[in-house]
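Report on the structure
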Amino acid sequence: MSSQWNNHGFPFLPGYTFRDITQSAFHRSQTLSYKNGYALPLRPSVGIGQEPLLSEQLTQQHINELSFERPDIAYATNDQPQYEDFIPAHVALDKKILRFHAYFLEEILYSPEEEYRVRPVMIYYYLEDDTMCIIEPTVENSGIPQGKRLKRQRFPNNERGEHYQWKDLNLGMDLEVYGVKYHITQCDPFTKEFMESEGIVLNEPEPMPEDPYSRRNKPNLELSHTTASTFDKLYQFLHMDRKVLRFYASWVKFDAVYRDNWPVVIYYYLVDDTVEIREVHERNSGRDPFPLVMRRQRIPKKLKSEIFPSCVMEVSKEHVDEYYSPKDLQLGQTVRLLSHHFFLHNCDGFTKDYYKKNYPDMDMKAVEIPKTEDKKKKEIPPYNGFGSLEDSLQNCLSLIPEPPKVNVVKRIENDHKVLRYTAQLDSPYSKDEGRRFILSYHLSNDMISIFEKPMRNSGIIAGKFLEKTRIPKPGSTVDNPEFYSPADFAIGATVDVFSHRFVLTNADHYVLKYLESISSQIPSQTLDSLRQKLGVEMARNKPVEENGEEMGSAS
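Cut-offs used in this document
Residues numbered from 1 in each chain as written. Predicted model: local features only at pLDDT ≥ 70, side-chain atom pairs only at ≥ 80, totals over all residues. Heavy atoms only, no water. Helix = DSSP H or I, 4+ residues; strand = E, 2+ residues; numbered from the N terminus. Buried < 20%, exposed > 50% of the residue type's maximum accessible area, 1.4 Å probe, protein only. Contact = heavy atoms within 4.5 Å. Areas by Shrake-Rupley, 256 points an atom, 1.4 Å probe, with all protein chains shown as cover. 1 Å grid on protein atoms, 1.4 Å probe; cavity = no way out; pocket = protein on both sides within 12 Å on 5 of 7 lines; lining within 4 Å. Points joined across faces, edges and corners; volume = space filled by probe spheres on them. Salt bridge = Lys/Arg side-chain N within 4 Å of Asp/Glu carboxyl O. Polar contact = N/O pair within 3.5 Å; in protein donor to acceptor, adjacent residues only side chain to side chain. Phe/Tyr/Trp six-rings, centres within 6.5 Å; stacked < 30°, edge-to-face > 60°. pLDDT = per-residue confidence, 0-100. Pairing = 2+ DSSP bridges. Axes fitted to C-alpha atoms, helices over the stretch in contact; angles between N-to-C directions.

What follows covers the overall build of the protein. When helices and strands are counted, the protein shows ten helices and 22 strands. Counting every position in the protein, which comprises 555 residues, the buried fraction comes to 26%. Across the protein, contacts joining residues at least 24 apart in sequence account for 45% of those joining residues at least 6 apart. Accessible surface, the protein: about 41,900 Å² in total, of which carbon and sulfur atoms supply 52%.

This is the structure in structure tokens:
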């Protein structure tokens, strides 16, 4: 009622309200205050006949309790409920798969022996994303393409666009997918436990029906007879397929020139008693990588009669008395396969188990390969005179010759160091008299070059007489030559340079200085000749210099 009447006792209607003319403050007064950290309404002045607000009474009653309470945020209590962490469905159901056993009937057309076939399949339901896939177990030698029939996807349930859910699956039902009906018969224990935990009652499992074709071809044990496996080709094909004996052998090749062993692998296929030989390619062997030495075939061991001509006619079964069998392959022995000799030295683990089971009297222990020492040493052919001896030798050491190795330290230390000698040509011809040459010995590479001095009106073109080369001493062999060195160059000595004789007449002062630094390697006769020659010249030049100085001082 108080909300329908104003302060003057009139109804709260337009025209019955009056504004207080004496009012000067129009602000909205504060109605809340904070006490002990809590927001509380202000306590208005209670007039005569008025009662305090109920909210104020409640606040006054609980003010002391609130002031002494401990907040649960700072101090947790044991009574506070514990909430588990939220786990999304794709994490909780990851790698959880429902597996059902099912089958479908394949209709056989135009066959008087069978009308349909029962083909079992496995249906997998992935709980994480509600996808499914259907896989048919493979059967060896069935002749039917088997494996994954439908890849992982969401299977449509009806024409409205809905898809199959795990709630729609049960035992004994028909699952129709893309026009094919799959009848579910059984499931695994995990699937049964999951479906029952979700409140789904599974039907009773059904047995897998027998395939009429397999039942008809099933052998009758009462009417069957026992046949040795050695003569039963079907048994050999069904039980020995993909079973191969592997031997590690050496292909022994020898002739009048050399003997060599090539590593090979011999495969014996038990399914049809054929043999295949493959070569083991080794790095840096120098052979082309032709892995197949002998194609897969049956190898005759003994012929009934000699076949002529054996090089062009094929050996038929009528001419073969016996083929190679596993009992003919013994480790540590050499077998002759198509006129080639192979030494068997090892085999793999399956081969050892096979021989231990079927041929217990044969010892299949690995043996070491006999090492054949090549007594014939490699001989270097004689020098043919083309190029230098070192360059020709590189052609004998490698297929692609490399430059001969040089003494780098010697080249660096003796770079631009040359011993110069003056020489005179010793010739029986009169026209060669008076020809003067400069013989230079290069210490960096032990090579000699000869330069002829120009002489007026001689009619001989001067200049380079010999390129830098190493000159062998007379009497040395071609294969093991002995070259000239500074120890052989004494004053007055004769140097034989390719059928030309040069007589050394003089040398530079640097020659004597260098040879004295290595006097332990130089004969005393060479040093004495140089000292005698160069000492006389120094004595001759010294008075001339002194006379020149006296003449200069007198002037």
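Continuing now.
So, about the layout of surface pockets. Taken as a whole, the second largest pocket encloses approximately 620 Å³ of empty space. In terms of lining, the second largest pocket is formed by 26 residues, of which the most central are Ser388, Glu390, Asn445, Met447 and Arg470. For the lining of the second largest pocket, the secondary structure elements donating two or more residues are helix 7 (389-397) and helix 8 (408-413). If one sorts the elements of the lining of the second largest pocket by residue count, helix 7 sits on top with three residues.

Our next topic: empty space enclosed by the protein. The final tally for this structure, using the stated rule, is one cavity of 30 Å³ or more. Estimates place the volume of the largest cavity at around 40 Å³. Surrounding the largest cavity, Arg435, Arg436, Glu452, Lys453, Pro454, Met455, Ser458, Ile460 and Ala462 form its lining.

Okay, the pattern of salt bridges next. In total, this model carries 23 salt bridges according to the counting rule given. We note a salt bridge from Arg117 to Glu114, for which the minimum N-O separation is 2.8 Å. Note that Arg435 and Glu452 form a salt bridge whose closest N and O atoms lie 2.8 Å from each other. Pair noted here: Arg435 is in the loop between strand 17 (418-426) and strand 18 (436-442) and Glu452 is in strand 19 (residues 447-452), with a separation of 17 residues, a long-range link. We note that Arg435, like Glu452, is buried. It is possible to trace a salt-bridge network through shared partners that takes in Glu106, Arg119 and Glu136.

Glancing now at the environment of Glu390. Here Glu390 lies in helix 7. Note: C-alpha distance between Glu390 and Lys405 (15 residues apart in sequence) is 9.0 Å. If we ignore the near neighbours within four places in the chain, the residues touching Glu390 are Pro404 and Arg470. A distance of 2.9 Å separates a polar atom in the side chain of Glu390 from a polar atom in the side chain of Arg470.

Once that is clear, we can look at the packing of aromatic side chains. Inspection of the entire model under this criterion finds 17 aromatic pairs. Between the aromatic rings of Phe104 and Tyr182, the centroid separation amounts to 5.5 Å while the plane-to-plane angle is 70°, which identifies the pairing as edge-to-face. Here Phe104, found in strand 3 (residues 97-107), pairs with Tyr182, found in strand 8 (residues 180-187); they are 78 residues apart in sequence, far enough to count as distant. Ring plane angle 75° and centroid distance 5.9 Å describe the contact between Tyr441 and Phe489, whose orientation is recorded as edge-to-face. Placement of the pair is Tyr441 in strand 18 and Phe489 in the loop between strand 20 (463-469) and strand 21 (494-497), with a sequence separation of 48 residues.

Right, let's get into the confidence of the model for the protein. Averaged over the protein, the pLDDT score is 81; the fraction of residues at 70 or greater is 81%. When mean pLDDT is compared element by element in the protein, strand 5 (residues 131-136) scores highest at 95, while helix 1 (residues 54-68) scores lowest at 57. Segment residues 46-56 is flagged for pLDDT under 50; beyond a separation of four residues in sequence, or across chains, it makes five contacts in the model. Here residues 544-555 scores under 50 on pLDDT; set against residues more than four positions off or in separate chains, the count is zero contacts.

Right, let's talk about the side chain of Thr185 for a bit. Tracing the sequence through the fold places Thr185 in strand 8. A residue is classified by how much of its surface remains accessible, and Thr185, at 1% relative accessible area, is buried. Beyond its immediate stretch of four places on either side in the chain, Thr185 contacts His101, Ala102, Tyr103, Leu171, Pro205, Glu206, Pro207 and Met208.

Backbone hydrogen bonds hold the strands of a sheet together, and the pairing may be parallel or antiparallel. As summarised here, the arrangement of the six strands in space is 20-19-18-17-22-21, forming an open sheet in which the pairing is antiparallel. The open sheet has two edge strands, strand 20 and strand 21, and neither has a second partner. Neighbour to neighbour, the strand axes of the sheet diverge by 30° on average, direction disregarded. Of the strands in this sheet, strand 17 and strand 22 (500-507) are in contact with helix 9 (residues 509-517), which crosses strand 17 at around 120°.

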